[in-house]
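Summary of structural features
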Amino acid sequence: YIEINYNLTKSIFNEFLRSKSEVFILLSSAKAVRDNYDKIITENTSPKPKTSYGISKLKAEKYIQKKIPKYKNKRIYILRACMIHGPKNKGNLNTLFNFIKKGLPWPLGSYKNNRSYLSIENLNFIFNKLILNKNICSGIYNVSDNNTLSTNEIIHLIKKETGGKNLILPIPKIIIYLVFSFFSIIKTKYNLNMLKKLTTNYVVNNNKIIKAINKNLPLDVEEGMIKTLNYFNKKI
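As a convention, each chain's residues are numbered from 1 in the sequence order in which they are written. Only residues with pLDDT of at least 70 are given local features in this predicted model, and only at 80 or more are side-chain atom pairs given and counted; all residues enter the totals for whole chains, interfaces and linings. As a rule here, side-chain values come from all non-hydrogen atoms in the structure, and water together with hydrogens is ignored.

Here we come to the sheet that holds strand E7 (residues 148–149). Strands are labelled as partners when DSSP assigns at least two bridges between them. In this description a helix means any DSSP run of H or I spanning at least four residues, a strand means any run of E spanning at least two, and both kinds are numbered starting from the N terminus. An order of E4-E5-E7 is seen for the three strands of this open sheet, with the pairing classed as mixed. Of all strands in the sheet, those with a lone pairing partner are strand E4 (83–85) and E7, marking the two edges. Across the sheet, helix H4 (residues 120–132) is in contact with E4 and strand E5 (115–119); its angle to E5 comes to roughly 65°. Residues are treated as being in contact if the distance between any of their heavy atoms lies within 4.5 Å. Structural elements are reduced to axes, namely lines fitted to C-alpha atoms, with helices fitted over the stretch in contact, and the angle between N-to-C directions of any two is expressed from 0 to 180 degrees.

Encoded structure:
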């Protein structure tokens, strides 16, 4: 993570500073701030990453931040993205889709969570506005869709997309925790880390970037998720 997210980013950024290019965009991550957080993450939230991924992203951010005041003729943006999804997406969202499409009962119904997501279409829209609008100030911006989705809400969208029937089971949390702890011990992909990603809150505030670009995002969170699920349904 340090080699790619810090060293390589540092090298590319230094080339940018020596070049005639005017705009640099670092696609960082909300994980550079916190890995898990019950409150809403803003640009003012104190960064305390614990994973190697988050630490390496924050290290790159700090290097670039120090340079911003010295280069007023260039525009430099650090985008802290939440989970990005779209066509060819890989990760827990794919696993969740496959699980629900099989018609298996969802055992985590007792968890009520809210999570921010970012569709690739909205991210590309933001890229475009940052590149073309010379009036947007350099700095750090959170990027996410405007609203949140719970895991149970995503399951309902999957059911709607696939036409399948699925039962959401409110199994007690202690039982779920013990089961996933066992899965972690035997080293399956259904581990405690996955459980956290599927059930905890992780909300990112995007007010600063929306105000800066002064435009509405093309897709709301549900529309963006439906587009991704539609791709899954055709490809899987």
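After presenting the structure, the write-up continues.
Our next topic: the side chain of Asn89. With respect to the helices and strands, Asn89 occurs in the loop between E4 and helix H3 (92–101). Of the residues examined, Asn89 reaches a relative accessible area of 11% and is grouped as buried. Leave out the neighbours within four places in its chain, and Asn89 touches Ile84, Asn94 and Phe232. We call a residue buried when its accessible area falls under 20% of the maximum for its residue type, exposed when it is over 50%, and partly exposed in between, using a 1.4 Å probe and counting protein chains only.

Here we take up the sheet that holds strand E6 (residues 139–143). Ordered in space as E1-E3-E6, the three strands form an open sheet in which the pairing is parallel. The open sheet terminates on both sides in strands that have one partner only, identified here as strand E1 (23–29) and E6. Mean inter-strand twist for the sheet, computed between neighbouring axes without regard to direction, equals 25°. Where strand E3 (residues 75–81) lies against E6, five bridges are found, and the strand directions are parallel. Within E6, the residue paired with Arg80 across the bridge is Asn142. With respect to the sheet, helix H1 (residues 2–18) is in contact with E1 and E3, its orientation differing from that of E1 by roughly 165°.

This part is about the environment of Leu93. Relative to the helices and strands, Leu93 is located in helix H3. In the structure, Leu93 is positioned twelve residues away from Ala81 in sequence and 16 Å away in space, judged by C-alpha atoms. Look past the residues within four positions of Leu93 in its chain and what remains in contact with it is Met83, His85, Ile154, Met225, Thr228 and Phe232.

This brings us to the packing of H3 against helix H5 (residues 151–162). Packing of H3 against H5 brings their axes to within 10 Å, and their N-to-C directions diverge by 55°. Taken together, the axes of H3 and H5 are oblique relative to one another. Here H3 runs over H5; the crossing is right-handed. Along the contact surface, H3 presents Leu93, Leu96, Phe97, Ile100 and Lys101, while H5 presents Thr151, Ile154, Ile155, Ile158, Lys159 and Thr162. As a working rule, the residues Ala, Val, Leu, Ile, Met, Phe, Trp, Tyr, Cys and Pro are called nonpolar, Asp, Glu, Lys and Arg charged, and the rest polar, with Gly in that last group. For the contact of H3 with H5, the class distribution of residues is seven nonpolar, two polar and two charged. Our angle categories are set so that under 35 degrees counts as roughly parallel, over 145 as roughly antiparallel, 65 to 115 as roughly perpendicular, and the remainder as oblique. The sense of a crossing depends on the near helix, which, turned anticlockwise from the far helix by less than a right angle, makes the crossing left-handed and, turned clockwise, makes it right-handed.

Now for H4. Working rule for helices: expected span equals 1.5 Å times residues minus one. In this model H4 runs 18 Å from its N-terminal to its C-terminal C-alpha over 13 residues, within 8% of the 18 Å that 1.5 Å per residue would give. Turning to H4, its buried residues number three or more, namely Asn122, Leu123, Ile126 and Leu130. What you see down the axis of H4 is that its buried residues fit within an arc of 100°, all on one side. Of the surrounding elements, those touching the buried residues of H4 are E1, E3, E4, E5, E6 and helix H8 (207–213). Taken from the helix axis, the directions to the C-beta atoms give the arc we talk about.

A few words on a nonpolar patch on the surface. Together, Ile174, Ile175, Tyr177, Leu178 and Val179 make up a nonpolar patch on the protein surface, roughly 470 Å² of accessible area in all. Since its relative accessible area comes to 43%, Ile175 is described here as partly exposed. Two distance rules govern patches: like charges are joined within 9 Å, and nonpolar side chains (Val, Leu, Ile, Met, Phe, Trp, Tyr) within 5 Å, applied only to residues with over 30% relative accessible area and no salt bridge. Working definition of accessibility: Shrake-Rupley area with a 1.4 Å probe, residue cover restricted to the visible protein chains. Here, a salt bridge means any side-chain nitrogen of Lys or Arg that lies within 4 Å of a carboxyl oxygen of Asp or Glu.

Here we come to the pairing of E5. Consecutive side chains along a regular strand alternate between the two faces of the sheet. The element E5 is largely enclosed, with a buried count of five among its five residues. A two-sided burial pattern is seen for E5, the buried positions comprising Arg115, Tyr117 and Ser119 on one face and Ser116 and Leu118 on the other. Two elements, E4 and E5, share three bridges in a ladder whose sense is parallel. Following the sheet pairing, Met83 is matched in E5 by Tyr117. Handedness of the crossover joining E4 and E5 through H3 is recorded here as right-handed. In this structure, E5 lies alongside E7, joined through two bridges in antiparallel fashion. Bridge pairing in E7 links Arg115 to Leu149. A clockwise course of the path from the first strand over the helix to the second, judged with the strands pointing away from the viewer, identifies a crossover as right-handed.

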